[in-house]
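# A structural walkthrough
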Amino acid sequence: AQTVTQSQPEMSVQEAETVTLSCTYDTSESDYYLFWYKQPPSRQMILVIRQEAYKQQNATENRFSVNFQKAAKSFSLKISDSQLGDAAMYFCAYRPQDWGGSEKLVFGKGMKLTVNP
Amino acid sequence: DGGITQSPKYLFRKEGQNVTLSCEQNLNHDAMYWYRQDPGQGLRLIYYSQIVNDFQKGDIAEGYSVSREKKESFPLTVTSAQKNPTAFYLCASSEDRSSYNEQFFGPGTRLTVL
């Protein structure tokens, strides 16, 4: 069974600084997708960034970038120039590229990010 | 505006009662999902549906039921058989069953059993 682990339950960062959130996963599949979701206090889940496992290039979305290490099964999220609005729960998620079985997202337990002014 | 709506935002239930959580989307998405979120936990899949009149159990389907009579609607019933139903429930949808497609989430329903 696939599992996603976020080992740091909480982190804090100063406004304008950079922070890295870690995520590891376990799978025997070779093709899959990885996601980072943000859940602010409103509790609405918002997709931050996604990575296809077959792509070697790390995904980037404005201030958000990932460090995808397929062999190590590691998928960390870097937030640059942190803003107060980045404060939220962040969830790492995995989804197999599987058309015949379950298409579910497997989530980590989440990490609470605090941004200090 | 296109999106997913969930109602009610807060729901209180007495033990032994069934309750139904509403989820509606106007994104014309084929796939819809129900997740449960508990404190300190990630989201866990309850049920999902890829097309109308078809749905599949997720990891924690016991004590829950769903229907998909219309493309835009995927209501979740929490039955009295669910032993610990107090949780935050999130509905999501995606364009189709492709693993690449983003799942869009609704604002959630907080269910409390009194």
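It should be noted that the structure appears before, not after, this text.
None of the values given here were measured: they were computed from a predicted structure. (Residues numbered from 1 in each chain as written. Chains lettered and ligands numbered in written order. Predicted model: local features only at pLDDT ≥ 70, side-chain atom pairs only at ≥ 80, totals over all residues. Heavy atoms only, no water.)

## Things to note about the nonpolar core
Burial of nonpolar side chains together is a common tendency in soluble globular proteins. One finds W36, L77 and Y90 of chain A to be the most contacted residues of the largest nonpolar core, which totals 27 residues. Mapped onto this core, the elements with two or more residues apiece are strand 3 (19–21), strand 5 (32–39), strand 6 (46–52), strand 8 (64–69), strand 9 (74–79), strand 10 (88–96) and strand 12 (111–116) of chain A. At 4 residues, the largest contribution of residues to this core is made by strand 10 of chain A. Core analysis: the next-biggest nonpolar cluster, separate from the first, contains 20 residues, M32, A61, V66 and C91 of chain B among them. (Core = buried A, V, L, I, M, F, W, Y, C linked by side-chain atoms within 4.5 Å. Buried < 20%, exposed > 50% of the residue type's maximum accessible area, 1.4 Å probe, protein only. Helix = DSSP H or I, 4+ residues; strand = E, 2+ residues; numbered from the N terminus.)

## Things to note about the pattern of salt bridges
Residues and elements named next belong to chain A. Tallied over the full model, the rule gives 6 salt bridges over all chains. For the salt bridge of D26 with K73, the shortest nitrogen-to-oxygen distance reads 3.7 Å. Of the two residues, D26 is situated in strand 4 (residues 24–26) and K73 in the loop between strand 8 and strand 9; the sequence distance between them amounts to 47 residues. When its relative accessible area of 40% is taken as the criterion, D26 is described as partly exposed. For E52, the salt bridge goes to K55, with nearest N and O atoms at 3.7 Å. (Salt bridge = Lys/Arg side-chain N within 4 Å of Asp/Glu carboxyl O.)

## Brief notes about the interface of chain A and chain B
Counting from both sides, the interface comprises 25 residues of chain A and, opposite them, 23 residues of chain B. Between the two partners, chain A and chain B, sit 5 residue pairs in polar contact (both at pLDDT 80 or more). Of all the secondary-structure elements, those providing two or more residues to the side of chain A that touches chain B are strand 5, strand 6 and strand 10 of chain A. Looking at the side of chain A that touches chain B, the element that brings in the most residues is strand 5 of chain A, giving 4 residues. For the side of chain A that touches chain B, the class distribution of residues is 10 nonpolar, 7 polar and 8 charged. (Contact = heavy atoms within 4.5 Å. Polar contact = N/O pair within 3.5 Å; in protein donor to acceptor, adjacent residues only side chain to side chain. Nonpolar A, V, L, I, M, F, W, Y, C, P; charged D, E, K, R; others polar.)

## What to know about the pairing of strand 10 of chain A
Residues and elements named next belong to chain A. Counting buried residues along strand 10, 8 of its 9 residues qualify, which places the element largely inside the surrounding structure. Here 3 bridges tie strand 10 to strand 12, and the two strands are oriented antiparallel to one another. Bridge pairing links A88 to L113 in strand 12. (Pairing = 2+ DSSP bridges.)

## Some points on the state of the cysteines
All names here are of chain A. Taken as a whole and judged by the stated rule, the model has 2 disulfides over all chains. In this model, C23 is linked to C92 through a disulfide, with the two sulfur atoms separated by 2.0 Å. The sign of the -70 degrees torsion about the S-S bond sets the C23-C92 disulfide as left-handed. In this pair, C23 is assigned in the loop between strand 3 and strand 4 and C92 in strand 10, connecting sequence segments 69 residues apart. For C23, a relative accessible area of 2% gives the class buried. (Disulfide = S-S within 2.5 Å.)

## Structural notes on the pairing of strand 4 (residues 31–37) of chain B
Residues and elements named next belong to chain B. Counting buried positions along strand 4 yields 7 of 7 residues, so the element is predominantly enclosed. With burial as the criterion, each face of strand 4 is covered, one bearing A31, Y33, Y35 and Q37 and the other bearing M32, W34 and R36. In the sheet, strand 4 pairs with strand 9 (residues 87–94) via 7 bridges, with the strands oriented antiparallel. Residue M32 lies in a different strand from strand 9, and its bridge partner there is S93. As paired strands, strand 4 and strand 5 (residues 43–51) are joined by 6 bridges and run antiparallel to one another. Bridge pairing in strand 5 links Y33 to Y48.

The quantities given are spatial measurements derived from coordinates; they are silent on function.
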